[in-house]
Amino acid sequence: MQVVAKTHRIDLVMRGDIPEKILRVLEEEYGALQVTEDNDEELIDITATDWYQDIKAELPPGKVLKTYRTRENLTQGALGKKIGGVPRQHISNMENGTRPIGREMAKKFAEVLGFDYRVLL
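Our subject in this report is the structure included herewith. No experiment lies behind these values; they were computed from the predicted model shown. (Residues numbered from 1 in each chain as written. Predicted model: local features only at pLDDT ≥ 70, side-chain atom pairs only at ≥ 80, totals over all residues. Heavy atoms only, no water.)

Looking only at helices and strands, the protein has six helices and zero strands in total. N-terminal to C-terminal, the α/β element order of the protein is α-α-α-α-α-α. Seen along its three principal axes, the alpha-carbon backbone of the protein occupies a region of about 75 × 45 × 25 Å. The buried share among the 121 residues of the protein stands at 21%. (Helix = DSSP H or I, 4+ residues; strand = E, 2+ residues; numbered from the N terminus. Buried < 20%, exposed > 50% of the residue type's maximum accessible area, 1.4 Å probe, protein only.)

Structure below.
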């Protein structure tokens, strides 16, 4: 006859500086502790990562435009009015990729929506 006995495992995650007193109490109650330190304090620029570059390459300019427009809670019509009376349908076509976004138009979008116009080119 074979018997398998499992002990209960408790996963407790604490972040920050944990006082020694708390660690001692936990060790007394549950036995040996496995303490790991995460020294991941270094921040990196996300735009420099391969992941970001891959995602950016997959996003067409129209999707980028739509993302910035929705971030500002603007409809296509409202955005058209803000950039000088561009019809809603033209903005829709740009977002759907059936109408190109030229340099001057990209600059107008960037000025109103607050981003670097080159992301649309």
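Picking up where we left off.
Our next topic: unusual backbone geometry. We note that Asn 73 has phi near 55°; this positive angle belongs to a residue other than glycine. By the secondary structure assignment, Asn 73 is in the loop between α3 (61-71) and α4 (76-82). On the basis of relative accessibility, which here comes to 71%, the residue Asn 73 falls in the exposed class.

What follows covers the nonpolar core. Ranked by internal contacts, the top residues of the largest apolar core, which has 16 residues, are Leu 65, Leu 79, Ile 101, Met 105, Phe 109 and Leu 120. Secondary structure elements with two or more residues in this core: α3, α5 (88-96) and α6 (103-113). Top contributing element to this core by residue count: α6, with five residues. Contact partners of Leu 79, with chain neighbours within four places excluded, come to Leu 65, Arg 69, Leu 74, Ile 91, Phe 109, Val 112 and Leu 113. (Core = buried A, V, L, I, M, F, W, Y, C linked by side-chain atoms within 4.5 Å. Contact = heavy atoms within 4.5 Å.)

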